[in-house]
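Structural overview for review
Single-letter residue listing:
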Amino acid sequence: MADELIMNHVGLSVTLACNLKCKLCAAYSPYQTKETTIGIGDLKKTLSRCFEVASFVEQFGITGGEPMLHPDLPELFEEMYSYLDKIGEVRIFTNGTIVPKEELLHVLKKYGKRLSFLIDDYGAHLSTKIPEITKVLDDFGIAYVVRDYWSEDLHCGGWVDFGDVRERKHTFESALELYSKCASPNKWHFCFSIYGGIMRPCGPIGRRLVLGLPVNENEYVNLFDDEVSIEKQREKIRNIYNATYFESCAYCNGMCDDSPRFKPAEQLTADEIAEIRKGTIWR
């Protein structure tokens, strides 16, 4: 049908909490200063609203932070199973530190080949549970991929630094050029993330929203806004797909082929964490 909306990638962020404290975290997890876990009621509401707006999502992810920290994942996946006819593939992103509980594994097994884990390996000193995780996934017949962020052959060559999104970095012309090179719109056709009912096309826009900084209302969608019709929300998403740049690009370093790469998962020190909690480090 003409009004259907098929989306490439959507991730549901169930929490921004994480048991690692990685510098340059794309979800800004260690830089949060307030409660960041979304309750199961709001998660179910998000699923309902998401699949009212999207007719089909080719790849739907459960993300964080570290999603294995959420206490209600079995209930969430039971609920999500009812939307499986609107999903191509389900992925769970995890940092290799928490072994999924048996209650959750029994639910996930119902998804069959439609579901897999993406396990990020930051080395045995951080991703301490990968052997145990892969064993239980093998035992339950659940697919997984381990992404290497530790050896010399780093996944994607390493991490990028989006920079402090409070600071303007670009003119209109340079923001336009940055957008034309950024992998998010050009290689991935966006990996939309939903947090707290807000669907946003990239992490830096999400970070500006969390910080309460101005963001053009056409650069995100509030799924919980009952005053905006489903048709209007679909139109906003289509316009995001067709955008030539975002105003928010002026505050971002971008994720480009020529962006400097950094060692993944370097841990913040206790002193740096203390400064973040005091509000003197924002990133």
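As a starting point, this report considers the structure included with it. Every value quoted in this text rests on a predicted model; they were computed, and no experiment measured them.

**Considerations on the overall build of the protein chain**
Of the regular secondary structure elements, the protein chain holds nine helices and eight strands. Counting only C-alpha atoms and orienting by the principal axes, one finds that the protein chain spans roughly 55 × 50 × 35 Å. For the protein chain, buried positions account for 49% of its 283 residues. Residue pairs at least 24 apart in sequence account for 80% of intrachain contacts in the protein chain once pairs closer than 6 positions are excluded. When the accessible area of the protein chain is evaluated, it comes to approximately 13600 Å², of which 51% is carbon and sulfur surface.

**A look at the pattern of salt bridges**
Applying the stated criterion across every chain, the model contains 15 salt bridges. Of the charged contacts in the structure, one is a salt bridge between D3 and R234, with a shortest N-O distance of 3.8 Å. Linking D3 in the segment before β1 (6-13) with R234 in helix α8 (residues 230-241), this pair joins segments that are 231 residues apart in sequence. Given the relative accessible area of 39%, D3 is considered partly exposed. Taken together, the salt bridges that share partners define one network made up of K23, E266 and E272.

**Focus on the sheet that holds β1**
In space, the eight strands of this open sheet follow the order β5-β4-β3-β2-β1-β6-β7-β8, with mixed pairing throughout. The sheet is open, and its two borders are formed by β5 (143-148) and β8 (221-222), each paired with just one other strand. Sheet strands in contact with helix α2 (residues 73-81) are β1, β2 (56-63), β3 (87-94) and β4 (115-121), and its direction is about 175° off that of β2.

**Considering the layout of surface pockets**
For the second largest pocket, the calculated volume is near 190 Å³. In terms of lining residues, the second largest pocket is bounded by M68, L69, H70, P71, L73, P74, I98, V99, P100, K101, E103 and L104. Looking at the lining of the second largest pocket, the elements with two or more residues in it are α2 and α3 (102-109). Among the residues forming the lining of the second largest pocket, the class breakdown is nine nonpolar, one polar and two charged.

**Regarding the pairing of strand β6 (residues 192-195)**
Residues F192 and I194 line one face of β6 and the alternating positions S193 and Y195 line the opposite face, and both faces are buried. As paired elements, β1 and β6 share three bridges and run parallel to each other. Residue pairing for β6: G11 is matched across the bridge by S193. Examined bridge by bridge, β6 and strand β7 (residues 198-200) share three bridges and lie antiparallel to one another.

**Some thoughts on the packing of aromatic side chains**
For the structure shown, the criterion picks out 13 aromatic pairs. Seen from their ring centres, F51 and F60 are 5.5 Å apart, and the 40° between their planes marks the pair as tilted. Given a relative accessible area of 4%, F51 falls into the buried group. Judged by centre distance (5.0 Å) and plane angle (90°), the rings of F172 and Y245 are edge-to-face. On the criterion of sequence distance, the pair formed by F172 in helix α5 (residues 172-181) and Y245 in the loop between α8 and α9 (270-278) is long-range, its members being 73 residues apart. With a relative accessible area of 25%, Y245 lands in the partly exposed category. The lysine or arginine in question, K110, covers the ring of Y81, its NZ or CZ lying 4.5 Å from the ring centre. Positioned above the aromatic ring of Y251 is the side chain of R208, whose terminal nitrogen or guanidinium carbon lies 3.8 Å from the ring centre.

Parameters at a glance
- Residues numbered from 1 in each chain as written.
- Predicted model: local features only at pLDDT ≥ 70, side-chain atom pairs only at ≥ 80, totals over all residues.
- Heavy atoms only, no water.
- Helix = DSSP H or I, 4+ residues; strand = E, 2+ residues; numbered from the N terminus.
- Buried < 20%, exposed > 50% of the residue type's maximum accessible area, 1.4 Å probe, protein only.
- Contact = heavy atoms within 4.5 Å.
- Areas by Shrake-Rupley, 256 points an atom, 1.4 Å probe, with all protein chains shown as cover.
- Salt bridge = Lys/Arg side-chain N within 4 Å of Asp/Glu carboxyl O.
- Pairing = 2+ DSSP bridges.
- Axes fitted to C-alpha atoms, helices over the stretch in contact; angles between N-to-C directions.
- 1 Å grid on protein atoms, 1.4 Å probe; cavity = no way out; pocket = protein on both sides within 12 Å on 5 of 7 lines; lining within 4 Å.
- Points joined across faces, edges and corners; volume = space filled by probe spheres on them.
- Nonpolar A, V, L, I, M, F, W, Y, C, P; charged D, E, K, R; others polar.
- Phe/Tyr/Trp six-rings, centres within 6.5 Å; stacked < 30°, edge-to-face > 60°.
- Lys NZ or Arg CZ within 6 Å of the ring centre and 35° of its normal.

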